[in-house]
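# Understanding the architecture of this molecule
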Amino acid sequence: MAHVTDYIRTIPDFPHEGIMFRDVTTLFADRDGLRLAIEGLVAACDRLEIDTVAGLEARGFILGGALADRLGTGFVPIRKKGKLPGRTISQSYKLEYGEAEVELHDDALHRGQKVLLVDDLLATGGTAEAGIKLIERLGAEVVACAFIIDLKDLGGRKLLEGLGHRVEALCAYEGD
């Protein structure tokens with residue numbers, strides 16, 4: 001039986017020497033791989049009470065739209081600074097070198113809504129944590145965070161679970 005890891009390409013020394021880059025574009029490009037990923041994430045989350053799926057830019061949009069459709073919910077994009085047309089709230093987070101910001105429309109969610117946060121990969125958890133903070137600032141509740149890949153050694157799962165959030169991942173890699 002196929003597993004999502006069968007469709008994920010590993011590219012050594014990208015973007016820097018010593019990094020093993022886990023490339024999900026090969027998973028997305030294959031209809032069986034994409035279906036396997038979507039069905040796996042749906043199975044991990046379909047028993048949760050979810051009103052809305054929020055996807056982190058950019059691969060979280062690919063997954064988030066499909067999950068929202070399958071789960072019968074709406075979809076909300078969390079975008080890089082300056083990409084949303086309406087009034088937004090923003091949250092900064094640390095990068096390896098410097099900082100970045102993500103934004104959410106200030107009317108995208110409502111108090112009490114239950115949100116599934118989605119992205120392709122969980123590394124340090126900084127982007128996901130910024131997304132969680134935005135969602136919570138609008139009064140909504142993150143019921144789970146779902147990813148295709150968990151890079152275990154980078155600590156993102158530990159960070160998010162330490163903040164009290166459920167984390168689902170279809171596969172994990174060590175030593176990245």
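To start, this report covers the structure provided alongside it. (Residues numbered from 1 in each chain as written. Predicted model: local features only at pLDDT ≥ 70, side-chain atom pairs only at ≥ 80, totals over all residues. Heavy atoms only, no water.)

### Looking at the overall build of the protein chain
Rules: Where helices and strands are cited, they refer to DSSP runs of H or I of at least four residues and of E of at least two residues respectively, numbered from the N terminus. Exposure categories follow from relative accessible area, calculated using a 1.4 Å probe and restricted to protein chains: below 20% of the type maximum is buried, above 50% is exposed, and the middle band is partly exposed. The contact definition used throughout considers only heavy atoms, calling two residues in contact when any of these lie within 4.5 Å. Each accessible area is a Shrake-Rupley result for a 1.4 Å probe, and residues are judged covered by the shown protein chains and nothing else. In this count, Lys and Arg are taken as positive residues and Asp and Glu as negative ones, while His and the chain termini are left out. Here the site of a charge means NZ on Lys, CZ on Arg, CG on Asp, or CD on Glu.
What the protein chain contains, in helices and strands, is five helices and nine strands. Starting at the N terminus and walking to the C terminus, you meet the elements of the protein chain as β-β-α-α-β-α-β-β-β-β-α-β-α-β. C-alpha extents for the protein chain along the principal axes are approximately 40 × 35 × 30 Å. A burial count over the protein chain gives 41% of its 176 residues as buried. Look at the contacts in the protein chain between residues 6 or more apart in sequence, and 56% of them connect residues 24 or more apart. A total of about 9,100 Å² of accessible surface is found on the protein chain, and carbon and sulfur atoms cover 47% of it. Looking at the protein chain, you have 21 positive and 29 negative side-chain charges, and the mean spots of the two groups are 3 Å apart.

### Things to note about helix α4 (residues 126-137)
The criterion, for reference: By definition here, a helix of n residues has an expected span of 1.5 Å times n minus one.
Taking 1.5 Å per residue as the helical rise, α4 with its 12 residues ought to reach 16 Å, and the 17 Å between its terminal C-alpha atoms agrees with that figure. All buried positions along α4 are accounted for by Gly126, Ala128, Ala130, Gly131, Ile132, Leu134 and Ile135. Within two residues after α4, Gly139 carries a phi angle of roughly 90°, on the positive side.

### A word on the packing of aromatic side chains
Short version of the rule: Pairing of aromatic side chains requires ring centres within 6.5 Å, counting the rings of Phe and Tyr and the six-membered ring of Trp. Pairs whose planes differ by under 30 degrees are stacked, by over 60 edge-to-face, and all others tilted.
On inspection of all chains with the given rule, the structure shows two aromatic pairs. On the basis of an interplanar angle of 85° and a centroid distance of 5.2 Å, the ring pair of Phe14 and Phe21 is categorised as edge-to-face. Between Phe61 and Phe75, the aromatic rings sit 6.1 Å apart at their centres with planes inclined by 80°, giving edge-to-face as the arrangement. Taken as a pair, Phe61 in helix α3 (residues 59-71) and Phe75 in strand β4 (residues 74-80) lie far apart in primary sequence, 14 residues in all. You can call Phe75 partly exposed: its relative accessible area is 30%.

### Some words on the side chain of His165
Among the secondary structure elements, His165 is positioned in the loop between α5 (156-162) and β9 (167-173). Relative accessible area serves as the criterion here: at 9%, His165 is assigned to the buried category. Every residue in contact with His165, bar those within four places of it in the chain, is listed here: Ile132, Glu136, Val142, Cys145 and Leu160.

### Considering the packing of helix α2 (residues 31-45) against α3
What counts here: Geometry is summarised by axes, namely lines fitted to C-alpha atoms with helices restricted to the contacting stretch, and by angles between N-to-C directions that run from 0 to 180 degrees. In this scheme, roughly parallel covers angles under 35 degrees and roughly antiparallel covers those over 145, while 65 to 115 is roughly perpendicular and the rest are oblique. Crossing handedness is defined as follows: a turn of the near helix away from the far one that is anticlockwise and smaller than a right angle gives a left-handed crossing, while the clockwise case is right-handed. In this classification, Asp, Glu, Lys and Arg are treated as charged, Ala, Val, Leu, Ile, Met, Phe, Trp, Tyr, Cys and Pro as nonpolar, and every other residue, Gly included, as polar.
With their axes 10 Å apart at the nearest point, α2 and α3 run at an angle of 55° to one another. Taken together, α2 and α3 sit at an angle that is classed as oblique. The chirality of how α2 crosses α3 is right-handed. In this structure, α2 uses Ile38, Glu39, Leu41 and Val42 to contact α3, whose residues at the interface are Leu63, Ala66, Leu67, Arg70 and Leu71. Residues of the contact of α2 with α3, tallied by class, amount to seven nonpolar, no polar and two charged.

Shape descriptors only; they carry no functional weight alone.
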